[in-house]
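The residues making up each chain are set out below.
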Number of protein chains: 2
Amino acid sequence: MNRICKLFGIKYPLIQGGMIWVSGWELASAVSNAGGLGLLGAGSMYPDELREAIQKTKAATTQPFGVNLPLIYPDLEKHIEVIINEGVKIVFTSAGNPKTWTSKLQAAGIKVAHVIANSKFVAKCEAAGVDAIVAEGFEAGGHNGREETTTMALIPAARRNNVLPLIAAGGIFSGRTMLASMVLGADAVQIGTRFVASQESAAHPNFKQAVLDATEGSTKLTLKQLIPVRLIKNDFLQQVDEAEMRGASKEELNELLGRGRAKLGMHEGDTENGELEIGQASMMIDNIPSSKNIISDIILEYKVAREQMQHVRFEF
Amino acid sequence: MNRICKLFGIKYPLIQGGMIWVSGWELASAVSNAGGLGLLGAGSMYPDELREAIQKTKAATTQPFGVNLPLIYPDLEKHIEVIINEGVKIVFTSAGNPKTWTSKLQAAGIKVAHVIANSKFVAKCEAAGVDAIVAEGFEAGGHNGREETTTMALIPAARRNNVLPLIAAGGIFSGRTMLASMVLGADAVQIGTRFVASQESAAHPNFKQAVLDATEGSTKLTLKQLIPVRLIKNDFLQQVDEAEMRGASKEELNELLGRGRAKLGMHEGDTENGELEIGQASMMIDNIPSSKNIISDIILEYKVAREQMQHVRFEF
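Residues numbered from 1 in each chain as written. Chains lettered and ligands numbered in written order. Predicted model: local features only at pLDDT ≥ 70, side-chain atom pairs only at ≥ 80, totals over all residues.

Just checking my understanding: could you explain the overall build of chain A for this structure?
When you go through chain A residue by residue, the secondary structure sums to 14 helices and 11 strands. Against the globule reference of 20 Å for 316 residues, chain A gives a C-alpha radius of gyration of 19 Å, in line with a compact fold. Expressed along its principal axes, the backbone C-alpha trace of chain A runs to roughly 50 × 50 × 40 Å. Long-range pairs, those at least 24 residues apart, make up 64% of the contacts in chain A with a sequence separation of at least 6. (Helix = DSSP H or I, 4+ residues; strand = E, 2+ residues; numbered from the N terminus. Rg over C-alpha atoms; globule rule 2.2 N^0.38 Å. Contact = placed C-beta atoms within 7 Å.)

Right under this line is the structure:
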């Protein structure tokens, strides 16, 4: 049996990324009900909001689901208390050191996956005793690694000498990209951008429209002096670019960034002044289906692509 | 039969990139003799040098080979005259508009592939009547697109609505990355970085050693204000970075770049002051085999990986 399916008790080795302002209970429960693993994006929730989202997810699905938890928030202990008290069984940690929290979560019966963007962190994940690793390439939306390693280069590097279950992320939106990632050495995939433009996504309709409108080159990895993040190009990103072009300091950039830019863009729908975190896969997305249809289409294309490997194109 | 194998008359759909200062007659003929398609890198050759390289390649192999020709050099007509007069049958054009030269080359019995880094240029290639398209992702070494589209995102986009034979490039160095690229929709792959560190490569030994020493994050896409290029990080790149950080103008950057940086680094072996063009795959390379062994290892891994797709990991 596929190791990730076995580890999480899911039908398909397909995980929906736990994205801030996008991955609420509607999306996570719809994905889990369709045979994938739905994740709540705790990064944009206060502890009470997270508790409510978990309770609503439990009411909406009997299937396994999880929580994505960035390890950088001030309320972290409160978030973890909520997660443990509500009986969540799967946590994806990101943006921090897995050493601190992995064993505490596991002691509460929770399976822990940790997200990395650099294969050098594989050893830290192994030392922390995580149950699985998510390796996320440069083409992914949102926060991103400084080394700019792409999925094609990152997955073989993360796989090398590593025996843990491995989940590929970044640029994966279809059955073929899923199969390609697994050929590279992944056991499963995490898909974000495709689910932003889904019926159940909590993204503001304007943000969903911006994803449909995105073409090649519409996204850019920016704010490299602070924390690199891939965003849709808009007025805000142009201001950041201009500031960086004239050699602005970190302080200037922080002031320009201000507070609440992500909420402004993705939740409130100000697509010019807000941050719109999205991956390069946005250029391939031109509709807003249900999550159930997204998953069935991906799995069907995956199976067809796998059978097509018997085609003469692959033979020599 | 695989379309690229048929188009070029080769055994394996594996093309060795025609890299400046690296891809001379020794490398191209060794690759062609091993069943791939060897390409001469005309971008660092004067017309007379190109003629000599072609003649030596013809003497060293009876198999098909080709020439990579950047369409930006002042001597372009002379290069093309040499190519036609010497009876070369395959040309890969890059860094320019395929419209101008494709039909002239084809009229001389030459098959033409054109390199793009942005799927929006597929239509231009089709209109120009090229025989094949090379789509090269952000992880590739050397000159690169402004959109920073990675191979995982670029190949599906280049494949969509395009029926021409498609060659994937960028991040491909092994049988698994080759198979993954073909799953994404490519008919063949072009491999550069892996052949820099080969016995027959014309790269200076210091440059080869720098490739072996490269780890994750050792390369960077730089000179974005001029023409983006992926290089190994060294003193020169740090100067460029510092200039860009303080908001240097294009004129300043051009002066810093100066002349002959690529020759200085890759041909003369000054690994601190020269340009060392290499892809992200360099992090996975730790030996300098013969091109014959590189190709047989890649093909063996490809075949094993294709058979392993029957493994339970792919089944659900």
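Can you help me understand the relation of the copies chain B and chain A in this one?
For the pair of chain copies, the relating transformation is a rotation about an axis with a translation along it. When chain B is fitted to chain A, the best match, at an RMSD of 0.0 Å, comes from turning it 180° and sliding it 0.0 Å along the axis. Taken together, the rotation and translation describe the operation of a two-fold axis. Both copies present the same face, since 98% of the interface residues in chain B are matched by interface residues at the equivalent positions in chain A. (Least-squares fit on C-alpha atoms with pLDDT ≥ 70 in both.)

So what exactly am I meant to see when it comes to helix α14 (residues 291–308) of chain A here?
For the α-helix, the turn length of 3.6 residues means that residues three or four positions removed from each other point alike. Residues and elements named next belong to chain A. When the terminal C-alpha atoms of α14 are compared, their 25 Å separation across 18 residues agrees well with the 26 Å that a helix rising 1.5 Å per residue should span. Along α14, the residues that are buried comprise Ser 291, Ile 294, Ile 295, Ile 298, Tyr 302, Ala 305 and Arg 306. The arc enclosing the buried residues of α14, seen along the axis, measures out at 100°, which places them on a common side. The exposed residues of α14 that point more than 90 degrees off its buried face are Leu 300, Val 304 and Glu 307. (Expected span 1.5 Å × (residues − 1). Buried ≥ 20, exposed ≤ 12 C-beta atoms within 10 Å, placed from the backbone. Arc of directions from axis to C-beta.)

It is not clear to me how the nonpolar core should be interpreted in this structure. Could you clarify?
It is characteristic of soluble globular proteins that their nonpolar side chains tend to be buried jointly. Among the nonpolar cores identified, the biggest contains 206 residues, and A:Ile133, A:Ile167, A:Val189, B:Ile133, B:Ile167 and B:Val189 are the most heavily contacted of them. Excluding residues within four positions of it along the chain, A:Ile167 makes contact with A:Ile4, A:Ile15, A:Ala113, A:Ala132, A:Ile133, A:Val134, A:Ala186, A:Asp187, A:Ala188, A:Val189 and A:Gln190. (Core = buried A, V, L, I, M, F, W, Y, C linked by C-beta atoms within 7 Å.)

What is the right way to look at the pairing of strand β9 (residues 188–191) of chain A in this model?
Residue and element names in this part refer to chain A. Residues Ala 188 and Gln 190 point to one face of β9 and Val 189 and Ile 191 to the other, with burial holding for every one of them. Sheet topology note: the strand β1 (residues 14–16)/β9 ladder contains three bridges and is parallel. Paired with Gln 16 across the two strands is Ile 191, which belongs to β9. Sheet analysis places strand β8 (residues 166–169) next to β9, joined by three bridges and oriented parallel. From the neighbouring strand, Ala 168 faces β9, where its bridge partner is Val 189. Crossover β8 to β9 through helix α8 (residues 175–183) is right-handed. (Pairing = 2+ DSSP bridges. Right-handed = clockwise from strand over helix to strand, strands pointing away.)

When you look at the environment of B:Asn85 in this model, what are you seeing that I'm missing?
All names here are of chain B. Position of Asn 85 relative to the elements: it lies in helix α4 (residues 76–85). Exposure remark for Asn 85: the 11 C-beta atoms within 10 Å place this residue in the exposed category. Counting along the chain gives 28 residues from Asn 85 to Ala 113, while the straight-line C-alpha distance between them is 19 Å.

How do you make sense of the packing of helix α2 (residues 25–33) of chain B against helix α14 (residues 291–308) of chain B when you look at a structure like this?
For any two helices packed against each other, the geometry is given by the interaxial angle and the distance between the axes. Residue and element names in this part refer to chain B. Two elements in contact, α2 and α14, have axes separated by 8 Å at closest approach and are oriented at 40°. Viewed along their axes, α2 and α14 adopt a mutual orientation that is oblique. The two elements α2 and α14 cross, and the hand of that crossing is right-handed. Seen from α2, the contacting residues are Leu 27, Ala 30 and Val 31; seen from α14, they are Ser 291, Lys 292 and Ile 295. (Axes fitted to C-alpha atoms, helices over the stretch in contact; angles between N-to-C directions. Parallel < 35°, antiparallel > 145°, perpendicular 65-115°, else oblique. Left-handed = near helix turned anticlockwise from the far one by under 90°.)

Looking at this structure, how should I read the sheet that holds strand β7 (residues 142–143) of chain A?
Two orientations exist for strands paired in a sheet by backbone hydrogen bonds: parallel and antiparallel. All names here are of chain A. Taken in spatial order, the three strands make up an open sheet running β7-β11-β10, and their pairing is antiparallel. Among the strands making up the open sheet, the edge pair consists of β7 and β10 (219–222). Pairing geometry for β10 and strand β11 (residues 229–232), over four bridges, is antiparallel. Bridged to Leu 221 within β11 is Arg 230.

Would you take a moment to explain the confidence of the model for chain A for this structure?
In regions of low pLDDT, the predicted coordinates are not meant to be interpreted in detail. Confidence in the prediction for chain A averages 96 pLDDT; 100% of positions are at 70 or higher. Interface scoring of the predicted complex returns ipTM 0.97; its pTM is 0.97. (pLDDT = per-residue confidence, 0-100.)

What am I meant to see in the interface of chain B and chain A here?
When the parts of a complex come together, some accessible area is lost, and that lost area is often used as the size of the interface. Across the boundary between the two partners, chain B contributes 49 residues, which contact 48 residues of chain A. Elements represented by at least two residues in the side of chain B that touches chain A include exactly α7 (151–159), α8 (175–184) and α14 of chain B. Tallied by class, residues from the side of chain B that touches chain A come to 23 nonpolar, 15 polar and 11 charged. (Nonpolar A, V, L, I, M, F, W, Y, C, P; charged D, E, K, R; others polar.)

What exactly am I supposed to notice about the sheet that holds strand β2 (residues 38–41) of chain A here?
All names here are of chain A. Strand order in the open sheet made by the eight strands is β1-β9-β8-β6-β5-β4-β3-β2, with parallel pairing throughout. Each end of this open sheet is capped by a strand with a single partner; those strands are β1 and β2. Averaged over all pairs of adjacent strands, the angle between their axes in this sheet comes to 25°, without regard to strand direction. Both strand β5 (residues 111–116) and strand β6 (residues 132–136) contribute to a ladder of four bridges, which runs parallel. Bridge assignment links His 114 to a residue of β6, and that residue is Ile 133.

Which parts of the structure should I look at to understand the domain arrangement of chain A?
All names here are of chain A. Partitioning chain A into domains gives domain 1 (3–202 + 286–314) and domain 2 (205–281). Put simply, the middle of domain 1 and the middle of domain 2, counted by C-alpha atoms, are 23 Å apart. Of the residues lining the interface, 22 residues belong to domain 1; the matching set on domain 2 comes to 17 residues. Per-element accounting of the side of domain 1 that touches domain 2 gives the leading share, three residues, to helix α9 (residues 193–196). Class assignment of the residues belonging to the side of domain 1 that touches domain 2 gives a composition of nine nonpolar, nine polar and four charged. (Domains from an automatic or database assignment.)

Even after reading the chapter, I still don't get the pairing of β2(A), so can you show me in this structure?
Along a regular strand, successive side chains alternate from one face of the sheet to the other. Residues and elements named next belong to chain A. Here β2 shows a buried face lined by Gly 38 and Leu 40 and a second buried face lined by Leu 39 and Gly 41. Bridge analysis of β2 against strand β3 (residues 65–70) gives four bridges, and the strand direction is parallel. Directly across from Leu 39, in β3, lies its bridge partner Gly 66. With helix α3 (residues 47–60) bridging β2 and its parallel neighbour β3, the resulting β-α-β unit is right-handed.

Where do I start with unusual backbone geometry in this structure?
Excluding glycine, most residues fall at negative phi; most peptide bonds, likewise, are trans. Residues and elements named next belong to chain A. At Trp 21, a residue that is not glycine, the phi angle is positive and equals roughly 65°. Residue position: Trp 21 is located in the loop between β1 and α2 (25–33). Unlike most non-glycine residues, Asn 161 shows phi in positive territory, near 65°. Looking at where Asn 161 falls in the secondary structure, it is placed in the loop between α7 (151–159) and β8. In this structure Asn 161 comes out as exposed when scored by C-beta crowding, with 10 C-beta atoms within 10 Å.

Quick question: what am I supposed to make of the environment of A:Glu301 here?
The residue A:Glu301 is located in helix α14 in this model. Excluding residues within four positions of it along the chain, A:Glu301 makes contact with A:Ser174, A:Gly175 and A:Arg176.

For this particular structure, what's the right way to read the environment of B:Phe236?
All names here are of chain B. Take Phe 236: it is sitting in helix α11 (residues 235–245). Spatially, the C-alpha atom of Phe 236 lies 8.5 Å from that of Leu 257, the residues being 21 residues apart in sequence. Sequence-distant contacts of Phe 236, defined by excluding residues within four places in its chain, comprise Arg 261, Glu 272, Asn 273, Gly 274 and Glu 275.

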